[in-house]
4 protein chains.
Amino acid sequence: MKMKVEVKPASGKLGVLVVGVGGAVSTTFLVGTLAVRKGLATPIGSITQLATMRLGKRNENNFPKIKDIVPLATLDDIVFGGWDIFPEDVYAAAKHAEVLTDKDLEGVKDELIAIKPMKAAFDQNFVKRLNGTHVKEAATRWELMEQVREDIRNFKAQNNCDRVVVIWAASTEIYLPLADEHQTLEGFRKAMKENNVEQIAPSMCYAYAAIAEGAPFIMGAPNLCVDMPAMWEFSKEMNVPICGKDFKTGQTMLKTVLAPMLKTRMLGLDGWFSTNILGNRDGEVLDDPDSFKTKEVSKLSVIDTILQPELYPELYKNIYHKVRINYYPPRKDNKEGWDNIDLVGWMGYPMQLKVDFLCRDSILAAPLCLDLVLFADLALRCNFSGIQSWLSFYFKSPMHDFEHVPEHDLFIQYIKLKNTLRTIIGEETLDYID
Amino acid sequence: MKMKVEVKPASGKLGVLVVGVGGAVSTTFLVGTLAVRKGLATPIGSITQLATMRLGKRNENNFPKIKDIVPLATLDDIVFGGWDIFPEDVYAAAKHAEVLTDKDLEGVKDELIAIKPMKAAFDQNFVKRLNGTHVKEAATRWELMEQVREDIRNFKAQNNCDRVVVIWAASTEIYLPLADEHQTLEGFRKAMKENNVEQIAPSMCYAYAAIAEGAPFIMGAPNLCVDMPAMWEFSKEMNVPICGKDFKTGQTMLKTVLAPMLKTRMLGLDGWFSTNILGNRDGEVLDDPDSFKTKEVSKLSVIDTILQPELYPELYKNIYHKVRINYYPPRKDNKEGWDNIDLVGWMGYPMQLKVDFLCRDSILAAPLCLDLVLFADLALRCNFSGIQSWLSFYFKSPMHDFEHVPEHDLFIQYIKLKNTLRTIIGEETLDYID
Amino acid sequence: MKMKVEVKPASGKLGVLVVGVGGAVSTTFLVGTLAVRKGLATPIGSITQLATMRLGKRNENNFPKIKDIVPLATLDDIVFGGWDIFPEDVYAAAKHAEVLTDKDLEGVKDELIAIKPMKAAFDQNFVKRLNGTHVKEAATRWELMEQVREDIRNFKAQNNCDRVVVIWAASTEIYLPLADEHQTLEGFRKAMKENNVEQIAPSMCYAYAAIAEGAPFIMGAPNLCVDMPAMWEFSKEMNVPICGKDFKTGQTMLKTVLAPMLKTRMLGLDGWFSTNILGNRDGEVLDDPDSFKTKEVSKLSVIDTILQPELYPELYKNIYHKVRINYYPPRKDNKEGWDNIDLVGWMGYPMQLKVDFLCRDSILAAPLCLDLVLFADLALRCNFSGIQSWLSFYFKSPMHDFEHVPEHDLFIQYIKLKNTLRTIIGEETLDYID
Amino acid sequence: MKMKVEVKPASGKLGVLVVGVGGAVSTTFLVGTLAVRKGLATPIGSITQLATMRLGKRNENNFPKIKDIVPLATLDDIVFGGWDIFPEDVYAAAKHAEVLTDKDLEGVKDELIAIKPMKAAFDQNFVKRLNGTHVKEAATRWELMEQVREDIRNFKAQNNCDRVVVIWAASTEIYLPLADEHQTLEGFRKAMKENNVEQIAPSMCYAYAAIAEGAPFIMGAPNLCVDMPAMWEFSKEMNVPICGKDFKTGQTMLKTVLAPMLKTRMLGLDGWFSTNILGNRDGEVLDDPDSFKTKEVSKLSVIDTILQPELYPELYKNIYHKVRINYYPPRKDNKEGWDNIDLVGWMGYPMQLKVDFLCRDSILAAPLCLDLVLFADLALRCNFSGIQSWLSFYFKSPMHDFEHVPEHDLFIQYIKLKNTLRTIIGEETLDYID
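Residues numbered from 1 in each chain as written. Chains lettered and ligands numbered in written order. Predicted model: local features only at pLDDT ≥ 70, side-chain atom pairs only at ≥ 80, totals over all residues. Heavy atoms only, no water.

A.B. asks: When you look at the nonpolar core in this model, what are you seeing that I'm missing?
C.D. replies: Of all hydrophobic cores here, the largest spans 199 residues; its most connected members are Leu258 of chain A together with Leu258 of chain B. If sequence neighbours within four positions are ignored, Leu258 of chain A has contacts with Trp272, Ile341, Leu353 and Val355 of chain A together with Leu254, Val257 and Leu258 of chain B. Counting residues in each nonpolar core, the second largest holds 198 residues, with Ile303 and Leu307 of chain C together with Val21 and Cys369 of chain D among its members. (Core = buried A, V, L, I, M, F, W, Y, C linked by side-chain atoms within 4.5 Å. Buried < 20%, exposed > 50% of the residue type's maximum accessible area, 1.4 Å probe, protein only. Contact = heavy atoms within 4.5 Å.)

Here it is as structure tokens:
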């Protein structure tokens, strides 16, 4: 397939506003991006900065870097800002997070100190284990949202930005099923104005504000937030791209690689037990059953969607899938995920696969933030609006409307991402037949 | 892409001749296929028997079974035979292998007893740890090959077969680098006739004989065998498909899934340590350093080819990759592979991934034999000749000529396999863009 | 130390009454004991049947078998009986449990069929996930207990037993903290008579009945049961040995080996995370939070008692210890325990130890049942009464009165067990100085 | 048992001379000891510095620190020196070793810089992978030994030491079986004088020199060295304690804990597969098959001696025990050991135990060096001579003469160590009966 998209040039500054800018993921994202910009670090894990993309046939041997052929904003264009429930500057917050070494922080200390978080839109009922002090006051959710809009406008003006992207890298809110208030834009606005604090989560105020200001919104946690008809409608109306939800790192990334392996090879599955231990603020938040519920729903959907038990009842109809998350402070940000997979082979013989992933939560998430910010900005300039399913690659629960099923397979997601980029620049898509 | 291939119909019997028909993999393949045919077992792991293939766009929701739309031979068409260095019938051999339960063997006992191996073409210098008693005698390698040809012709006639496929599921031979004798068909024939026992391995006699008889040849071990210019030439001349080499099961299958995950996500790699323990005859053979060398070469190439260190020196230029195989009798056929992967993330921070695979060697390999036999026969009827790179999906070291690089990524291999099938039946190939 | 105990001879039959005789542990215990008696199996895991014991100095090289020098009852003396909430005979129950192969059951089928459980003393409030049909009816707990006494007397008479031992191998009851009713024998009797169904668990009725009938009582679950001053008093009054609680198998056995290793080497500990997956009835029962609480308390105490953080605050004062049990049906009785231990070495450098134990719950517990039955009977004949702390070796939560601390270290427990046996037969105890 | 030993007081300075003082283990030992002395670190892992020892009955609750009741030298008494094949001072060497953080080195930088290694007695034929430049020249092994004696005397005089201890923390030499030259002191001296470079390893020159100078000698590698009749004789003649060999850390420490667990519980064993990966100089040396052979012999003996297959043929007669060491540079000093244990339970049912130990080689060994130095000095002052079997606790291959079998069980070793200390100070030994 071959077509060409009209892309506006990436001229001027790109404001990147991070919700939860003092958290572990955010500070790791900011420190790294600034360090890379100064030549102090390598942006490992970032597709936009490192990956190449084959053009033409395999034997033409043409593998340019994506950033050299796709019109992305550069790191030098970026201006960082954000909100947080604690008033610390980003240097202090990064020290606090204990993810990066002191040496890595020193290299960009001045830049980090200069980034002071704006007051957060926060409601402790949605994140019970956190107790923020640096928070906005507002009579209604609508007013709260208006304050966020004002923040965005001010930031854009003060920093002379051409465009702004808003990314949520803050905590998981409690589980909120889709309700009537989320079905239509009109009903949603009404609920905000009536200050329906049960159905309108703070994260929704950020998302609405971003869209209203013409800024792409990226949801990194499993919060409902933009994953509702009201927001889909609004983002299309405003011609703004949105994407989410829940950054796909660690254990779920592995699942979306191993489950396709089983299916590709037509190996059966009896059970999958996933447990992990982590000791950072994220772990603490998820120790609350209500927040965990949101995460669990996000994590559980993956396997079924990939394995298609309706197509393969003999292989996948009786899978026992369990996910456990354990707050375990000794490890801090170093998450460890342990998966036990009970698979079934030829004639029904059982086998076991065990995976122990000693990973680092924020180290895995940071490059995703960078890529998403740059691709969301690209999407905006391509005039793409609504859900960006070509960015499913980055999410545990790729958003999708009621007519589509999500794609969870990491490799199909990646082909889709790259073939979309090829289309944007007017190149042939690949089908790997030669 | 869309095109249509002319395929001869799968009429009549399909002879399946297995080299090493009394081994663990072979007997598991035969028992399972016969049991499936009688409705006693499910062919888990087999693409040809279970997999579906999407036709059209994702939202058309059209997922027919491959065997219902691709003109494959059916299981009822198959007649089994083979060679072995021990004279036991397949029932006795299967008992001996200790892979399957007695109950599973009983169901097809009569059929198994009826399959008596023909005498093997064998030379202990090529498999030092085995001591066969049921072997051919021949003055030269050429004569040895002629005896195998005669076996094939006799089998075909006696069983009234329309077509025959030959598959090697026997042991790994010692390491043999490509030599002058293997470069041209003429030179190769000369070496056989001159009885060059150093450069002409017994496996080559089987391969040559098969091709000469118009039978596709499948190489399941890492032996040099058909992976040489002389054989490529011969198979094209005879219009016969060949494929290999080394069935991709267990640890290497995992590698070709995990390495693409790293690359897809642009995560770096410092080292990869793979060790496994196994106690079957395969383990015993590989305890000999010369046979291990052949296997090691096959296993080591995988990672580099997938990761393309020449394109990504900052991520992959200094990988320390080590593979160890350990003969460990307590486990019998139940192989356990343990991989330790030292990966590198954002800003150079190290992480570790450990995979413990308690698998079953023959259970994983058996469905590959079935698929390869049916696909090789399809290729023959499609008039495909020479190396079948669309079957790379099944091999640790996919064969390729000097103009091509092999594809090791399991998922790209699978897309290629399915898009080839789509092409054969005249359907659109997929690029996953929607 | 050297002394000699007066031991009554093991004459006549020994009745072994098992509470929960149709469960996985019980049936495995019975099948194995009967098979060993017929020479069909080896009693692996049993100290009484296999272990030797050094007498004299190391270089005297005198290692007789324990059963040859300690006056234990023999397997031929044993007559089995018991209670269960399901009416199936032990053969049917053992099939149901799916622990042992059919072949192993066939060898003792007739003996198993002959063992029909008596109706159980049961109250679903104490084991919420089970729904028994074969249960006693009684107006009060006292009456329930009297029915059990009658069962014991009848069994003893009908089978012409010289002595009886009662062992609990049934499920974990809900968590019950020590209350006023458990403090004195008088108060306890009063509560039984007043039918205090909150404080008097069914397991207590069995224990009281056993002691009243002069039968040693062994508590294999973590239930409060005999672990209370009222029962200590009663058992001393009746001159009956009691012991418990919670068979030490799998993960906790490992802990009581690994924690002593750390302490012996003065290595510090930051955290210990234990999780396990199991799919048998025990797993189902423990899926109920109230039953899990009882188990958790039993499992958590181990590490602290061994490591003595009060003596070693610099090493052990801040241990984060977490225990998780997960019901996971695909594994049935094959429990898998995964421990992650964060240890600390020289100058505070962190290390990790990970242990994955693919064990079998009932296979590990069965030999403990046999040993405990024989040792409890020995204790009775030695005139030992009350808590048998020399049997701590077999329990996760060794019972102890308020003046003593429990010993959890598996090796110290074993030395204590053997030195007690040496004392019983009038041999020198060992201090390993030469 | 109770007795009292006459102990000379620990007056004056104690010289500690380390062979291989610039290696990873040695520098970690020195840095840590100096840091502890300055209050900058905790001597985790050291019995002499941290452990307590129960005196009297359990309920007397008397647990004084060993260093408070046993007359050990203090850390302030120690003066460090040593030999190395590289001329770097200990600060540079410690940097090079990459075990400790820069921050930890800075605290004792001046002290470390002051320690310059003396030239080593070295012969590359005994450690093929190393290439030393800072080595002694001598016409014969005897002369080489005399140079070492002179070094010891000079060091003692220059540093005004009351006593000296020599400890080998250098590399593993090639495998050397016991030969005629090692049988008698006379024959051994003759071989040294005749410069028999095949049978007299450099390590023997150090050991002989130490003993000749009245200094205890500790062998931390598996080298033959002092483990021969000639040296036993010499050390008794000179009234000097010797001990060895091969520091028991990591995987073998675990084995001597897990094998006793199996035996204590009478669980059978089918196979034990141990592999480890490490990337330090030790790993590089052991990559040479001749050095590995020495290590392998040391590691393999452990299990058999503990399990006593001659007493328990039904459990332990057919153990398949395999040990593999792999040089894997990405990990540097962070060794990872992976053990797979195939155990057997009740009625022969198989189970598996897998242990993954992410340890740090030098961090585990350093406190052993400190303890051994202090205990060897104590032994000297107690007038103990020859092999110190009460220090077996610290060694993989505890030395023993032909009349004794070694004790490998870590817990029995520890009881022996502590009961010996109790004896030295005139306290009752413990038998744990109460």
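A.B. asks: What's the story with the pairing of strand S2 (residues 78-84) of chain C in this structure? I'm lost.
C.D. replies: Remember that side chains alternate between the two faces of the sheet whenever the strand is regular. All names here are of chain C. The element S2 is largely enclosed, with a buried count of 7 among its 7 residues. In S2, alternate side chains face the same way, and those of Ile78, Phe80, Gly82 and Asp84 on one face and Val79, Gly81 and Trp83 on the other are all buried. As defined by bridge partners, strand S1 (residues 13-19) adjoins S2 across 6 bridges and the pair is classed as parallel. Opposite Leu14, over in S2, you have Ile78 as the bridge partner. (Helix = DSSP H or I, 4+ residues; strand = E, 2+ residues; numbered from the N terminus. Pairing = 2+ DSSP bridges.)

A.B. asks: Where do I start with the sheet that holds strand S10 (residues 350-358) of chain C in this structure?
C.D. replies: Sheets are built from strands paired through backbone hydrogen bonds, the pairs being either parallel or antiparallel. The mixed open sheet is built from 8 strands, whose spatial order is S8(C)-S7(C)-S9(C)-S10(C)-S10(D)-S9(D)-S7(D)-S8(D). Strands at the two margins of the open sheet, each flanked by one partner only, are strand S8 (320-327) of chain C together with strand S8 (320-327) of chain D. Taking each pair of neighbouring strands and ignoring which way they run, the sheet shows an average axis angle of 10°. Sheet topology places strand S7 (residues 268-278) of chain C next to S8 of chain C; 8 bridges connect them, and they run parallel. Across the sheet, residue Phe273 of chain C finds its bridge partner in S8 of chain C, namely Lys322 of chain C. (Axes fitted to C-alpha atoms, helices over the stretch in contact; angles between N-to-C directions.)

A.B. asks: Before we go on, may I ask you to explain the interface of chain D and chain B in this structure?
C.D. replies: By a widely used convention, the size of an interface equals the accessible area lost when the partners come together. If you look at the interface, chain D gives 24 residues, while chain B gives 24 residues. Across the interface of chain D and chain B, roughly 1,900 Å² is buried in total on both sides, 57% from carbon and sulfur atoms. Ranking the residues of chain D by area buried against chain B places Tyr320, Tyr328 and Trp338 of chain D at the top, with a combined share of 27%. Joining chain D to chain B, the criterion identifies 4 salt bridges. Between Asp342 of chain D and Arg331 of chain B there is a salt bridge; the shortest N-O distance is 2.8 Å. (Buried area = accessible area lost by both parts, 1.4 Å probe. Salt bridge = Lys/Arg side-chain N within 4 Å of Asp/Glu carboxyl O.)

A.B. asks: I tried to follow the UniProt feature "transmembrane region" (unreviewed entry) in chain A on my own but got confused; where do I start?
C.D. replies: Listed under "transmembrane region" (unreviewed entry) in the UniProt record, and renumbered for this structure, are residues 12-36 of chain A. Across residues 12-36 of chain A, the secondary structure splits into 52% helix and 28% strand, with the terminal C-alpha atoms separated by 20 Å. (UniProt positions renumbered as here; feature names shortened; annotations may be inferred.)

A.B. asks: Explain the interface of chain B and chain A to me, please; I cannot follow it from the model alone.
C.D. replies: Across the boundary between the two partners, chain B contributes 85 residues, which contact 85 residues of chain A. Of the roughly 7,300 Å² buried between chain B and chain A on both sides combined, carbon and sulfur atoms contribute 69%. At the surface where chain B touches chain A, the tally comes to 2 salt bridges. The shortest N-O distance in the salt bridge between Glu314 of chain B and Lys65 of chain A comes to 3.7 Å. Taken together, chain B and chain A are joined by 24 residue pairs in polar contact (both at pLDDT 80 or more). Those elements giving two or more residues to the side of chain B that touches chain A turn out to be helix H1 (24-37), helix H2 (47-50), helix H11 (250-264), helix H14 (313-316), strand S9 (336-344), strand S10 (350-358), helix H15 (361-381) and helix H16 (410-424) of chain B. Its residues assigned to classes, the side of chain B that touches chain A shows 54 nonpolar, 18 polar and 13 charged. Across 7 bridges, strand S10 (residues 350-358) of chain A lies against S10 of chain B in antiparallel orientation. Within S10 of chain B, the residue paired with Leu358 of chain A across the bridge is Gln352 of chain B. (Polar contact = N/O pair within 3.5 Å; in protein donor to acceptor, adjacent residues only side chain to side chain. Nonpolar A, V, L, I, M, F, W, Y, C, P; charged D, E, K, R; others polar.)

A.B. asks: Explain the relation of the copies chain D and chain B here, please?
C.D. replies: Mapping between the two chain copies consists of a rotation about an axis together with a translation along that axis. For these two chains of identical sequence, chain D goes onto chain B by a turn of 180° and a shift of 0.0 Å along the axis, with RMSD 0.1 Å. Both copies are brought into coincidence by an operation consistent with a two-fold rotation axis. Comparing interface residues between copies, 100% of those in chain D also sit at the interface in chain B, which points to an isologous, same-surface contact. (Least-squares fit on C-alpha atoms with pLDDT ≥ 70 in both.)

A.B. asks: Any chance you could explain the relation of the copies chain B and chain A here in plain terms?
C.D. replies: Laying chain B over chain A is done by rotating through 180° and shifting 0.0 Å along the axis; what remains is an RMSD of 0.0 Å. Both copies contact each other with a shared surface, as 100% of the interface residues of chain B are interface residues in chain A too.

A.B. asks: Help me out: how do you make sense of empty space enclosed by the protein in this one?
C.D. replies: Gaps left between atoms are located by rolling a probe of water-molecule size over the structure's atoms. The tally for this structure, following the rule as stated, stands at 15 cavities of 30 Å³ or more. Approximately 180 Å³ is the volume found for the largest cavity. Around the largest cavity, the lining comprises 15 residues; the ones closest to its centre are Trp338 of chain A, Trp338 of chain B, Trp338 of chain C together with Trp338 and Asp356 of chain D. If you list the elements that add at least two residues to the lining of the largest cavity, you get S10 of chain A, S10 of chain B, S10 of chain C together with strand S10 (350-358) of chain D. Residues belonging to the lining of the largest cavity are distributed by class as follows: 7 nonpolar, no polar and 8 charged. (1 Å grid on protein atoms, 1.4 Å probe; cavity = no way out; pocket = protein on both sides within 12 Å on 5 of 7 lines; lining within 4 Å. Points joined across faces, edges and corners; volume = space filled by probe spheres on them.)

A.B. asks: In this structure, what is going on with the environment of Tyr91 of chain A? I would like to understand it.
C.D. replies: All names here are of chain A. Position of Tyr91 among the secondary structure elements: in helix H4 (residues 90-97). In sequence terms Tyr91 and Phe357 are 266 residues apart; their C-alpha atoms lie 29 Å from each other. With residues up to four places along the chain from it excluded, the contact list for Tyr91 reads Leu105, Glu106, Lys109, Leu112 and Ile113. A distance of 2.7 Å separates polar atoms of two side chains, one belonging to Tyr91 and the other to Glu106.

A.B. asks: Even after reading the chapter, I still don't get the UniProt feature "domain: Myo-inositol-1-phosphate synthase GAPDH-like" (unreviewed entry) in chain A, so can you show me in this structure?
C.D. replies: The UniProt feature table records "domain: Myo-inositol-1-phosphate synthase GAPDH-like" (unreviewed entry) at residues 250-362 of chain A. In this annotation, residues 250-362 of chain A is assigned 41% helix and 33% strand; the end-to-end C-alpha distance for the span is 10 Å.

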